[in-house]
Amino acid sequence: MSIESASAEAPGTEAINTAAASTEAAPVARRIPSERTHHGDTFIDEYAWLGDKDNQETIAYLEAENAYVEAATAGQADLRKEIFGEIKARTQETDLSVPSRKGGWWYYSRTEAGKQYAMQCRREVRPGDAGPPMTPDGAALDGEEVLLDGNELAGDGEFFRLGAFTLSPDGKWLAYSTDFAGDERYTLRIKDLASGAVLTDEIPDTYYGLAWSLDGSALFYVTVDAAWRPYRVWRHIVGTPAADDVVVFEEPDERFGVGVGLTRSERFLHIGVASKLTSEAWLLDAAQPTGEFSVVMPRRQGVEYSVEHQVGADGTDRLLILHNDNAENFELAVAPLADPTASTLLIAHRADTRLLDVDAFADYLAVYYRRDGLTGLRIIRGDGTEHEIAFGEPVYEMHPGSNPEYDSGAFRLGYVSLVTPNSVYDCDMATGELSLLRRQPVLARPDGREYDPADYEQHREWATAGDGTRIPISLVCRKGAPRDGSAPCLLYGYGSYEISIDPGFSISRLSLLDRGFSFAIAHIRGGGEMGRRWYDEGKLLRKATTFTDFIACAEHLVSEGWTTATRLVARGGSAGGLLMGAVANLAPQAFGGIVAQVPFVDALTSILDPSLPLTVTEWEEWGDPLHDPEVYAYIKSYSPYENIGGQAYPPILAMTSLNDTRVLYREPAKWIAKLRAAGHGGPFLLKTEMVAGHGGRSGRYDAWHEEAFVLAWITSTAGAGPA
């Protein structure tokens, strides 16, 4: 074992002390200096050896860390059990989603009490069906056909995830893919829904994204290169060996990834090619699957566009083109299929509105946008008239739902806020009228207390960054929560890739709110909450803005009396884990604890290695430190691992998974080892899932246990009282 007891010989010696697995002392990783030199700068990495997961010493170290976590949090066991019980009691375990109609079938997913995974189902449309069929208790629909049962597929394995689930246009075939390790290497299979038989067709190592030809004879799928970049689209003819499959598209530029799909009209197969700054679309008549894809408009560096197909009022094919060519927040144009360059403007660019997506139907367009940090929906009728759908809460999120039918007059959408559970609506596109189909049930706690949204209140706060920019914060708490600094608070942040962390509802979060917490989301730059400029101001050589924005939000919550620094816990994951590591170095005094999940904390090491998954495609997000000394110096100035100092750090909980291909487990492992050696304060905990990937544990009960673990740690660290 390559670890030592904290009280053993000094780090750096060759002594191996088997007492390192003791649950009474934190593991201390052996120091083995390894040099990394770029642009004349040499960095000594003493924990690089932890990157070899095939080395039993590494596994022993991770297992010792897990044992230490178990011992260090043993006093929270009853609280974990209590919180898990609350999550379970409040969740309707036997439940079904609102069915979506496609052709002669209603499609939906369903769960059963005691089972980890959902079942994918369908039921035939009946003459008396005025709308989606539902059962009041979430039980199976009469006449149900189970297409896939995740519990049967998972068997006794520790991990299971369904990747693709795509039906052929005629509903005859189902293509699906599975992952049993968490490494996102999916095996693709085809099921004959008439007979229930799974065909002998089996394709390993596929990626996300599938599309059927119109007649269901051909299936198009994506594979990745050695760096796990999706770069090839293949055509598989149903009933033939995978060895006979043909590559129909290959992207040689390592900055770009590819995806494949079918337009809602089912008229065209679509290949999307995109880097972080540039995109390109290719189309093929879905009725001619052996034909060749044609480019819509050749890529131009810095120009992003996407296309959607619609048949115009005159019966001719046209394309809806959403693009940012001289339109920072995007604009929507319409063009004839025969000449995409002959476009006319449909929705002009607005500085205050970021156009996100457009869905085309036979007689309508549904445009999804973002304004003032909130999402919205605009419906455009065939005659050109339009209206926007209004929502009444101060903070909320709406998003497109399942809308598989091109000829539909209703637009399915999801709506949620910090106090309103996940809700499914149909919007009548002719009138704009909303019909609530279902709201997520929230059952009583184990003590019988019912959930009442009126018991909670939500707020929009604004922090002021160092450059004077106002940063929005969404916050929820129990009604009448004190504003004297006495309450604990959890502050969540992300701030990368133009991804917006919108205000949503969480059953598990109620366990914090009922213990006196407020919960806040910092809508910091680098995300997309306030438009494309919001993203641009928090990336590349402006990345540090993301971190200082988050610190400004933390200081605002304290100055406004929502909490005090010692009772404020920060939480983030993946790129949000980079945020956690950065603010721990920049302002450790601002937080009473930090949770970093699958954290990107060894950013410079990873971005320097083009053989790693995502690295080259990420250079347009972070910069290219391998070839640009200015970028190298800038990333080194904030990368958490390189900047650990001797200051006092708050308690830190880092969580990772051994099979994560997006943020390798070695990053938090090295980070915690170095914090423990160089920093003060803590404690510093590293919890590793030994059979899981970037999303953590896969079964819903396992996920609830994991969340209960995190919430118990947060509650204990912030010193919160009972619910």
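Summary of the structure given here. (Residues numbered from 1 in each chain as written. Predicted model: local features only at pLDDT ≥ 70, side-chain atom pairs only at ≥ 80, totals over all residues. Heavy atoms only, no water.)

### What to know about the side chain of Thr 605
Moving on, step 1. Tracing the sequence through the fold places Thr 605 in helix α8 (residues 603-607).
Moving on, step 2. For Thr 605, the residues in contact, after removing those within four places along its chain, are Arg 36, Glu 642, Arg 666 and Lys 670. (Helix = DSSP H or I, 4+ residues; strand = E, 2+ residues; numbered from the N terminus. Contact = heavy atoms within 4.5 Å.)

### Quick word on the layout of surface pockets
Moving on, step 1. The calculated volume of the second largest pocket comes to roughly 1300 Å³.
Moving on, step 2. Along the walls of the second largest pocket sit 42 residues, with Asn 422, Ser 506, Ile 507, Ser 508 and Trp 704 positioned nearest its centre.
Moving on, step 3. For the lining of the second largest pocket, the secondary-structure elements that each account for two or more residues are β5 (95-96), β7 (105-111), β35 (489-492), β36 (518-522), β37 (568-573) and α12 (700-718).
Moving on, step 4. Here the lining of the second largest pocket is built from residues that sort into 18 nonpolar, 15 polar and nine charged. (1 Å grid on protein atoms, 1.4 Å probe; cavity = no way out; pocket = protein on both sides within 12 Å on 5 of 7 lines; lining within 4 Å. Points joined across faces, edges and corners; volume = space filled by probe spheres on them. Nonpolar A, V, L, I, M, F, W, Y, C, P; charged D, E, K, R; others polar.)

### So, the packing of helix α6 (residues 544-559) against helix α7 (residues 575-586)
Moving on, step 1. α7 packs onto α6 with a crossing angle of 70° between their chain directions and a minimal axis gap of 9 Å. It follows that α6 is roughly perpendicular to α7 by the angle criterion. Note that α6 runs across α7; the crossing there is right-handed. Residue-level inspection shows Thr 546, Phe 547, Phe 550 and Ile 551 of α6 in contact with α7, the latter providing Leu 578, Leu 579, Met 580, Ala 582, Val 583 and Leu 586.
Moving on, step 2. Split into classes, the residues belonging to the contact of α6 with α7 amount to nine nonpolar, one polar and no charged. (Axes fitted to C-alpha atoms, helices over the stretch in contact; angles between N-to-C directions. Parallel < 35°, antiparallel > 145°, perpendicular 65-115°, else oblique. Left-handed = near helix turned anticlockwise from the far one by under 90°.)

### Remarks on the environment of Ala 360
Moving on, step 1. Here Ala 360 shows up in strand β25 (residues 353-360).
Moving on, step 2. For Ala 360, a relative accessible area of 0% puts it in the buried group.
Moving on, step 3. Sequence separation between Ala 360 and Thr 91 is 269 residues, and the spatial gap between their C-alpha atoms is 35 Å.
Moving on, step 4. Contact partners of Ala 360, with chain neighbours within four places excluded, come to Arg 264, Glu 308, His 309, Gln 310, Leu 320, Leu 365 and Tyr 406. (Buried < 20%, exposed > 50% of the residue type's maximum accessible area, 1.4 Å probe, protein only.)

### Digging into unusual backbone geometry
Moving on, step 1. For the bond from Gly 682 to Pro 683, the omega torsion is 10°, close enough to zero to count as cis.
Moving on, step 2. The residue Pro 683 is located in the loop between β41 (680-681) and β42 (684-689) in this model.
Moving on, step 3. Despite not being glycine, Ser 574 shows a phi value in the positive range, around 60°.
Moving on, step 4. For Ser 574, the location among the structural elements is in the loop between β37 and α7.
Moving on, step 5. Overall, the relative accessible area of 16% leaves Ser 574 in the buried class.
Moving on, step 6. If you check the backbone angles, Val 598 has positive phi at about 35° while not being a glycine.
Moving on, step 7. Tracing the sequence through the fold places Val 598 in the loop between β38 (593-597) and α8.
Moving on, step 8. By relative accessible area, Val 598 is classed as buried at 10%.

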